Amino acid sequence: MTEEPADAWSGSSPVPPNRGDFYNLLALLPDDQRALLADVRHYLETDIAPVITEHWERAEFPAQIVPALAKMNLAGSKFTGYGCPGQGELFHGLLNVELARIDPSLAVFFGGHDGLGMGTIALCGSEEQKQRWLPPMARMEKIGAFALTEPDVGSDAARGLATTARRDGDTWVLNGVKKWIGNATWCDLVVVWARDEADGQVKGFVVERGTPGFTTEKMHGKTALRIMQNALITLDDCRVPEANRLEHANSFADTARVLRTTRLMVAWQAAGTGRGAFEHALAYATRRTQFGRPIARFQLVQDLLARMLANTTASLTMCARLAELAQAGDMQEEQVSLAKMYVTTATRETVGWAREVFGGNGVLLDHHVTRYTNDAEAIYSFEGTREINSLIVGRALTGISAFV
Ligand SMILES: Cc1cc2nc3c(=O)[nH]c(=O)nc-3n(C[C@H](O)[C@H](O)[C@H](O)COP(=O)(O)OP(=O)(O)OC[C@H]3O[C@@H](n4cnc5c(N)ncnc54)[C@H](O)[C@@H]3O)c2cc1C
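Residues numbered from 1 in each chain as written. Predicted model: local features only at pLDDT ≥ 70, side-chain atom pairs only at ≥ 80, totals over all residues. Heavy atoms only, no water.

Novice: Lay out the packing of helix 8 (residues 299–327) against helix 9 (residues 333–357) with the relevant residues and their values.
Specialist: In a pair of packed helices, the angle between the axes and the distance between the axes together describe the arrangement. In the contact formed by helix 8 and helix 9, the axes pass within 9 Å of each other and the chain directions differ by 155°. By the angle class used here, helix 8 and helix 9 are roughly antiparallel. The handedness of the crossing between helix 8 and helix 9 comes out as left-handed. Within the contact of helix 8 with helix 9, the residues separate by chemical class into 16 nonpolar, five polar and three charged. (Axes fitted to C-alpha atoms, helices over the stretch in contact; angles between N-to-C directions. Helix = DSSP H or I, 4+ residues; strand = E, 2+ residues; numbered from the N terminus. Parallel < 35°, antiparallel > 145°, perpendicular 65-115°, else oblique. Left-handed = near helix turned anticlockwise from the far one by under 90°. Nonpolar A, V, L, I, M, F, W, Y, C, P; charged D, E, K, R; others polar.)

This is the structure we're talking about:
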């Protein structure tokens with residue numbers, strides 16, 4: 001063991017060395033996809049990472065990322081046709097990891113558009129609706145969002161959704177309030193879930209910005225995912241044409257079909273968050289000196305690094321196997337809930353350990369890790385809290401629903 005760490009890092013860059021793909025999942029991709037992800041990484045490390053901390057502090061979104069990602073043709077990468085690149089599940093997951101390791105909000109913004117917005121239209125739209133919205137969304141000329149949660153209804157969306165939809169001739173009249181909706185302060189269209197007054201079923205509607213009766217208000221005071229722009233949406237006699245009612249979104253079972261696919265994306269986002277925090281901690285451990293030697297020299301610090309790497313590697317490989325199942329059309333609801341539950345829990349542990357390695361500096365934005373520590377809290381709770389996902393797994397294991 002030498003006194004000098006083999007991988008000393010200058011500390012001047014906001015991007016630590018890329019050490020978190022321990023089992024080399026990238027090798028599972030073909031050369032062209034690896035090259036594309038290398039371009040994504042280069043762009044994020046060069047143009048976004050240097051300005052990310054100030055954006056986090058000011059709770060501002062780096063809008064320049066939209067045309068840059070559009071140019072690399074990344075949106076809708078899981079889907080084929082309708083102008084989507086058709087790169088498949090594993091590519092899509094590892095793309096989320098690249099975004100999250102630089103800043104978790106980048107992956108969550110992208111997921112709101114490509115996973116939740118485009119994903120709902122791809123799964124629940126008619127042929128005409130897919131032709132109408134997916135190509136401009138794949139070009140990122142139109143940005144999407146997904147509005148399910150309400151001020152009084154989160155986990156209990158299936159039973160409790162209070163936003164209403166009333167059919168009136170060729171239009172639907174929507175009324176209600178949505179809370180937490182990512183991208184909604186500035187996006188072009190929002191998939192709104194509302195209960196049909198006639199049959200009591202939850203249905204999906206595409207509401208375009210500018211529709212009378214649709215207003216958004218940025219949520220302030222958020223201590224996690226500050227770069228992500230979350231909004232309260234008010235629907236006040238908001239009229240949308242029947243052509244905007246998603247043809248195959250006719251009950252909460254259809255909402256759940258969408259969430260099944262996006263929970264895998266969230267698990268990837270969490271794995272990328274843990275990986276980013278681990279990489280920052282590893283770099284810091286090699287350059288921070290105490291007792292006359294780098295703290296990486298201490299056994300207890302190495303133990304933390306090994307535990308973080310174990311969490312990250314287990315999370316990434318779990319997601320990669322699920323991506324194979326999803327690609328084959330075989331991924332079950334309880335399988336993805338297990339991943340969402342496990343990976344976000346492991347990530348919460350990882351980011352805590354990563355912060356610990358920084359000592360007091362771990363709560364200073366200049367040292368980056370605190371963004372991951374805070375952001376992991378939101379990822380832990382959205383798209384089904386840990387409890388809700390464990391109840392889905394428990395129901396599958398026992399055949400008994402224990403939700404209420
Ligand atoms: C940063 C952020 C971004 C978000 N983005 C979006 C978005 O874009 N679109 C969107 O629609 N929503 C979004 N959400 C909302 C998110 O999906 C909800 O926060 C989540 O579903 C949990 O709902 P809740 O916050 O109302 O918590 P609650 O449902 O009130 O739950 C509170 C606690 O009670 C527990 N609990 C509830 N029911 C049970 C039960 N039956 N058994 C055991 N425990 C239970 C929960 O697990 C949790 O610990 C976002 C949230 C955050 C924080």
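Novice: Describe the packing of aromatic side chains, listing the residues and the values that go with them.
Specialist: Overall, the coordinates contain nine aromatic pairs when judged by the stated rule. Ring pairing ties together the aromatic residues Phe 61, Phe 109, Phe 110 and Trp 186, which thus form one cluster. Positioned above the aromatic ring of Trp 56 is the side chain of Arg 226, whose terminal nitrogen or guanidinium carbon lies 5.5 Å from the ring centre. Positioned above the aromatic ring of Tyr 380 is the side chain of Arg 348, whose terminal nitrogen or guanidinium carbon lies 4.0 Å from the ring centre. (Phe/Tyr/Trp six-rings, centres within 6.5 Å; stacked < 30°, edge-to-face > 60°. Lys NZ or Arg CZ within 6 Å of the ring centre and 35° of its normal.)

Novice: Before we move on, can you summarise the UniProt feature "domain: Acyl-CoA dehydrogenase/oxidase N-terminal" (unreviewed entry) in the protein chain with the specific residues and values?
Specialist: In this numbering, the UniProt entry assigns the feature "domain: Acyl-CoA dehydrogenase/oxidase N-terminal" (unreviewed entry) to residues 31–141. Structurally, residues 31–141 comprises 74% helix and 4% strand, and the distance from its first C-alpha atom to its last is 28 Å. (UniProt positions renumbered as here; feature names shortened; annotations may be inferred.)

Novice: Account for helix 10 (residues 369–381), naming residues and giving values.
Specialist: Within helix 10, ten of the 13 residues are buried, leaving the element largely enclosed by the surrounding structure. Looking at helix 10, one finds that the buried residues are Val 369, Thr 370, Arg 371, Tyr 372, Thr 373, Asp 375, Ala 376, Ala 378, Ile 379 and Tyr 380. Considering only its buried residues, helix 10 is in contact with helix 1 (31–58), helix 3 (89–102), helix 4 (104–124), helix 7 (252–287), helix 9 and helix 11 (386–398). (Buried < 20%, exposed > 50% of the residue type's maximum accessible area, 1.4 Å probe, protein only. Contact = heavy atoms within 4.5 Å.)

Novice: An account of the site of the ligand is needed here, citing residue identities and associated values.
Specialist: If you check the shell around the ligand, you find 20 residues, and the closest are Thr 149, Ser 155, Thr 385, Glu 387 and Phe 403. Ser 155 is positioned with one of its side-chain polar atoms (N or O) 2.6 Å from an oxygen atom of the ligand. One of the side-chain nitrogen or oxygen atoms of Thr 385 is found 2.6 Å away from an oxygen atom of the ligand. Across the complex, the protein chains shield 66% of the 980 Å² of accessible surface that the ligand would expose by itself. When atom positions are compared with the pocket grids, the ligand is found to occupy the largest pocket. Those elements giving two or more residues to the shell around the ligand turn out to be strand 3 (144–147), strand 5 (171–182), helix 10 and helix 11. Considering only residue class, the shell around the ligand consists of eleven nonpolar, seven polar and two charged. Formed jointly, the shell around the ligand draws a minimum of three residues from each of two domains, domain 2 (144–250) and domain 3 (253–398). (Near = heavy atom within 4 Å. Polar contact = N/O pair within 3.5 Å; in protein donor to acceptor, adjacent residues only side chain to side chain. Areas by Shrake-Rupley, 256 points an atom, 1.4 Å probe, with all protein chains shown as cover. 1 Å grid on protein atoms, 1.4 Å probe; cavity = no way out; pocket = protein on both sides within 12 Å on 5 of 7 lines; lining within 4 Å. Sits in = over half its atoms within 2 Å of the grid points. Domains from an automatic or database assignment.)

Novice: Requested: an account of empty space enclosed by the protein, with residues and values cited.
Specialist: Scanning the entire structure with this criterion turns up one cavity of 30 Å³ or more. Of the voids in this model, the largest cavity is the one considered here, and its volume is about 40 Å³. As for the largest cavity, its lining consists of Gly 20, Asp 21, Phe 22, Tyr 23, Leu 25, Thr 313, Leu 316 and Thr 317. When its residues are assigned to classes, the lining of the largest cavity shows four nonpolar, three polar and one charged. (Points joined across faces, edges and corners; volume = space filled by probe spheres on them.)

Novice: Describe unusual backbone geometry, and please don't skip the residues or the numbers.
Specialist: Phi angles above zero are rare outside glycine, and Asn 183 is one such case at about 75°. Mapped onto the secondary structure, Asn 183 falls in the loop between strand 5 and strand 6 (189–196). Looking at Asn 183, the relative accessible area reads 1%, which means it is buried. The phi dihedral of Leu 225 is positive, around 45°, even though this residue is not glycine. With respect to the helices and strands, Leu 225 occurs in the loop between strand 8 (214–218) and strand 9 (230–241). Classification of Leu 225 as buried rests on a relative accessible area of 4%.

Novice: Tell me about the UniProt feature "domain: Acyl-CoA dehydrogenase/oxidase C-terminal" (unreviewed entry) in the protein chain, and please be specific about residues and values.
Specialist: In the UniProt entry, the feature "domain: Acyl-CoA dehydrogenase/oxidase C-terminal" (unreviewed entry) is given for residues 258–397. End C-alpha to end C-alpha, residues 258–397 measures 22 Å, and it is 78% helix and 3% strand.

Novice: Quick rundown of the domain arrangement of the protein chain? Include the residues and the values.
Specialist: For the protein chain, the assigned domains are domain 1 (25–138), domain 2 (144–250) and domain 3 (253–398). Both faces considered, domain 1 and domain 3 share a buried interface measuring about 2,500 Å² in area, 68% of it formed by carbon and sulfur atoms. Among the residues of domain 1 in contact with domain 3, Trp 56, Glu 89 and Arg 101 are the three that bury the most area, contributing 24% of the side total. Along the contact surface separating domain 1 from domain 3 lie two salt bridges. Across the salt bridge formed by Arg 101 and Glu 279, the nearest N and O atoms sit 2.8 Å from each other. Taken together, domain 1 and domain 3 are joined by nine residue pairs in polar contact (both at pLDDT 80 or more). Of all elements in the fold, only helix 1, helix 3 and helix 4 reach the threshold of two or more residues within the side of domain 1 that touches domain 3. (Buried area = accessible area lost by both parts, 1.4 Å probe. Salt bridge = Lys/Arg side-chain N within 4 Å of Asp/Glu carboxyl O.)

Novice: Explain the nonpolar core residue by residue, including any values.
Specialist: The biggest cluster of nonpolar side chains holds 104 residues, and the ones touching the most others in it are Ile 65, Leu 174 and Trp 268. It is helix 4 that contributes the most residues to this core, ten residues altogether. Leaving out residues up to four positions away in the same chain, Trp 268 has contacts with Leu 90, Gly 93, Leu 94, Asn 96, Val 97, Leu 316, Cys 319, Ala 320 and Ala 323. Listed in part, the 21 residues of the second largest apolar core include Phe 278, Leu 304, Trp 353 and Phe 358. (Core = buried A, V, L, I, M, F, W, Y, C linked by side-chain atoms within 4.5 Å.)

Novice: So what's going on with helix 1? Residues and values would help.
Specialist: If you check helix 1, its first and last C-alpha atoms are 38 Å apart, about what 28 residues at 1.5 Å a residue would give, namely 40 Å. At Ile 48, helix 1 is bent by approximately 50°, the largest bend along its length, and proline Pro 50 sits one to four residues beyond. Two residues or fewer past helix 1, Ala 59 is found with a positive phi of approximately 55°. (Expected span 1.5 Å × (residues − 1). Bend = angle between axes of the 7 residues up to and from the residue.)

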